[in-house]
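Understanding the architecture of this molecule
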Amino acid sequence: MSVSRETFDYVIVGAGSAGCVLADRLTEDGRDRVLVLEYGGSDRSLWIQMPTALYIPMNMARYDWRYYTEPEPHLGGRRLHTPRGKVLGGSSSINGLVYVRGNPLDFEGWEAEGAAGWGYRDVLPYFKRAERRAGGGDEYRGAEGPLATRRGRLENPLNAAWLEAGRQAGYALTADMNGFRQEGFGEMDMTVGGGRRCSAANAYLRPAMSRPNLSVRTHALATRVLFDGRRATGIRYERGGGSHEVLAQREVLLCAGPINTPQLLKLSGVGPARELAGLGIDVVRDLPGVAGSSPRTASARATTSRPAASSAAAPACATRTSSSISCRSR
């Protein structure tokens, strides 16, 4: 079978949050040709763009990889759905639109472990640069970036009652969980602008797609990183029933997420040598840290309702509010 070959300056695997940002930044000055490979398809869907659809797209096989955990021994052997976006915008196109930054102490911990330049004071300017907050900017929040964020209208009195219940239970309140204090009960921000989901595709990729030096190919499944010795030189991918190879004159950038990126590295011979040899994969580099343990988040959703006032003109109905509680394990 013949394999088509071509060359770009940069090749990006995955049009998720990271891939969209890189596609925008690397094509901004017009000097470099960039190719983005995404296995999913278009994000032009009502279920993705309409904010009130919330988490519906993450339960649609068209937009989600349908990954599940191994049976969880402490959850009765259940296998939990682990949503990962398979569409332009990646998981930012299928998530619940909640905008929550990493906890500052996480970044401080990374720096303490040797990740120089990743302390909270180092990353905060980039958070601000990315954000376009409807309420304006301040010491912690941005107002002129491409990523639109805003608070909900929160007109239902149950929202205020929920916060007050938290205070009465002894928990702290926070005016802005993306500001000075993240811990506590408070209103959440959402990635919505102009009445639409503000995914990474809408914020970064879509505006950049008008540039002649950016090419975006959907339904393209990356199957291997090409190496010259230990130097990554390109990507092999499947599309339209054929096999293709694209070479990168400058860099190959893997942005396929915390599951697919290590999978692609292992298929390419980068990972724990013993594991790869057992699978019949030639080892390019023994790197035990590939696809090690990663944090997981478990969420519980609670919905409450109250009867609305009835009138002769309209039947009685119930209005609802919901809250999510998440806990993370390492």
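For the structure, see preceding data.
This section reports on the structure supplied with the text.

1. Thoughts on the overall build of the protein
- Counting secondary structure elements, the protein contains eight helices and 18 strands.
- Per-residue burial for the protein yields a buried fraction of 36% across its 330 residues.
- Within the protein, counting contacts between residues at least 6 apart in sequence, those at least 24 apart form 53% of the total.
- Carbon and sulfur atoms form 53% of the exposed surface of the protein, whose accessible area is close to 19100 Å².

2. Considering the sheet that holds strand 7 (residues 147–151)
- The four strands are arranged 5-8-7-6 in an open sheet whose pairing can be described as mixed. The two strands at the open ends of the sheet, each matched to only one other strand, are strand 5 (98–99) and strand 6 (131–133).
- Inspection of the sheet shows strand 6 paired to strand 7 by three bridges, in the parallel sense. Looking at strand 7, one finds that Arg-133 is bridged to Thr-149.
- Across the face of the sheet, helix 4 (residues 120–130) comes into contact with strand 5, strand 6 and strand 7 while running at roughly 60° to strand 6.

3. Description of helix 7 (residues 257–267)
- Among all positions in helix 7, only Asn-260, Thr-261, Pro-262, Leu-264 and Lys-266 are buried.
- Tucked into the core, helix 7 has its buried residues touching strand 1 (4–13), strand 3 (67–68), strand 12 (221–228), strand 14 (242–254), strand 15 (270–271) and helix 8 (273–278).
- A positive phi of about 95° marks Gly-269, the residue just after helix 7.

4. Remarks on the environment of Tyr-237
- Relative to the helices and strands, Tyr-237 resides in strand 13 (residues 231–239).
- For Tyr-237 and His-219, which are 18 residues apart along the polypeptide, the C-alpha to C-alpha distance reads 9.9 Å.
- For Tyr-237, the contacting residues outside a window of four places in its chain are Glu-6, Leu-37, Arg-217, Ala-220, Leu-221, Ala-222, Thr-223, Gly-242, Ser-243, His-244 and Val-246.
- Here Arg-217 takes part through its side chain, which lies 2.9 Å from a polar atom of the side chain of Tyr-237.

5. Focus on the environment of Ala-18
- Structurally, Ala-18 is set in helix 1 (residues 17–27).
- Spatially, the C-alpha atoms of Ala-18 and Leu-254 are 9.2 Å apart, while their sequence positions differ by 236 residues.

6. Thoughts on the nonpolar core
- Counting 23 residues, the largest nonpolar core has Ile-12, Val-34, Val-36, Leu-205 and Leu-214 as its most contacted members.
- Where this core is concerned, the elements lending two or more residues are strand 1, helix 1, strand 2 (34–37), strand 7 and helix 6 (200–208).
- Discounting residues that sit within four places of it in the chain, Val-34 has contacts with Phe-8, Tyr-10, Ile-12, Leu-26, Thr-27, Asn-213, Leu-214 and Ser-215.
- Counting 14 residues, the second-largest nonpolar core is a separate cluster that includes Phe-8, Ala-220, Ala-222 and Val-246.

7. Quick look at the side chain of Thr-218
- Here Thr-218 shows up in the loop between strand 11 (214–217) and strand 12.
- The exposure class of Thr-218 is buried, given its relative accessible area of 18%.
- Thr-218 has contacts with Glu-38, Gly-40, Gly-41, Leu-88 and Arg-239, leaving out every residue within four places of it along the chain.

8. Side note on the pairing of strand 7
- Bridging between strand 7 and strand 8 (residues 189–190) involves two bridges; their strand directions are antiparallel. Each bridged residue has a counterpart across the sheet, and for Arg-150 the counterpart in strand 8 is Met-190.

9. Focus on the sheet that holds strand 13
- Within the open sheet, the six strands sit side by side as 11-2-1-14-13-12. Their pairing is mixed. This sheet does not close on itself; its edge strands, each paired only once, are strand 11 and strand 12. In this sheet, adjacent strand axes meet at a mean angle of 40° when their direction is disregarded.
- Sheet analysis places strand 1 next to strand 14, joined by nine bridges and oriented parallel. For Phe-8, the partnering residue across the bridge sits in strand 14 and is Ala-248.

10. Topic: the pattern of salt bridges
- In the structure shown here, the tally under the stated rule is 21 salt bridges.
- Residue Asp-32 pairs with Arg-250 through a salt bridge whose shortest N-O separation is 3.2 Å. Taken together, the residues Asp-32 in the loop between helix 1 and strand 2 and Arg-250 in strand 14 connect sequence positions 218 residues apart.
- Residue class for Asp-32 comes out buried when judged on its relative accessible area of 11%.

11. As for the state of the cysteines
- Counted according to the given criterion, the structure contains zero disulfides.
- Cysteine Cys-20 remains unbridged, with the sulfur of Cys-255 as its closest cysteine sulfur at 9.3 Å.

12. Observations concerning the packing of helix 3 (residues 104–112) against helix 4
- It is at 9 Å that the axes of helix 3 and helix 4 come closest, and there the two elements cross at 130°. Relative to helix 4, the element helix 3 lies oblique. Here Pro-104, Phe-107, Glu-108 and Glu-111 of helix 3 lie close against helix 4, whose contacting residues are Tyr-120, Arg-121, Asp-122, Val-123 and Phe-127.

Conventions and cut-offs
Residues numbered from 1 in each chain as written. Predicted model: local features only at pLDDT ≥ 70, side-chain atom pairs only at ≥ 80, totals over all residues. Heavy atoms only, no water. Helix = DSSP H or I, 4+ residues; strand = E, 2+ residues; numbered from the N terminus. Buried < 20%, exposed > 50% of the residue type's maximum accessible area, 1.4 Å probe, protein only. Contact = heavy atoms within 4.5 Å. Areas by Shrake-Rupley, 256 points an atom, 1.4 Å probe, with all protein chains shown as cover. Pairing = 2+ DSSP bridges. Axes fitted to C-alpha atoms, helices over the stretch in contact; angles between N-to-C directions. Polar contact = N/O pair within 3.5 Å; in protein donor to acceptor, adjacent residues only side chain to side chain. Core = buried A, V, L, I, M, F, W, Y, C linked by side-chain atoms within 4.5 Å. Salt bridge = Lys/Arg side-chain N within 4 Å of Asp/Glu carboxyl O. Disulfide = S-S within 2.5 Å. Parallel < 35°, antiparallel > 145°, perpendicular 65-115°, else oblique.

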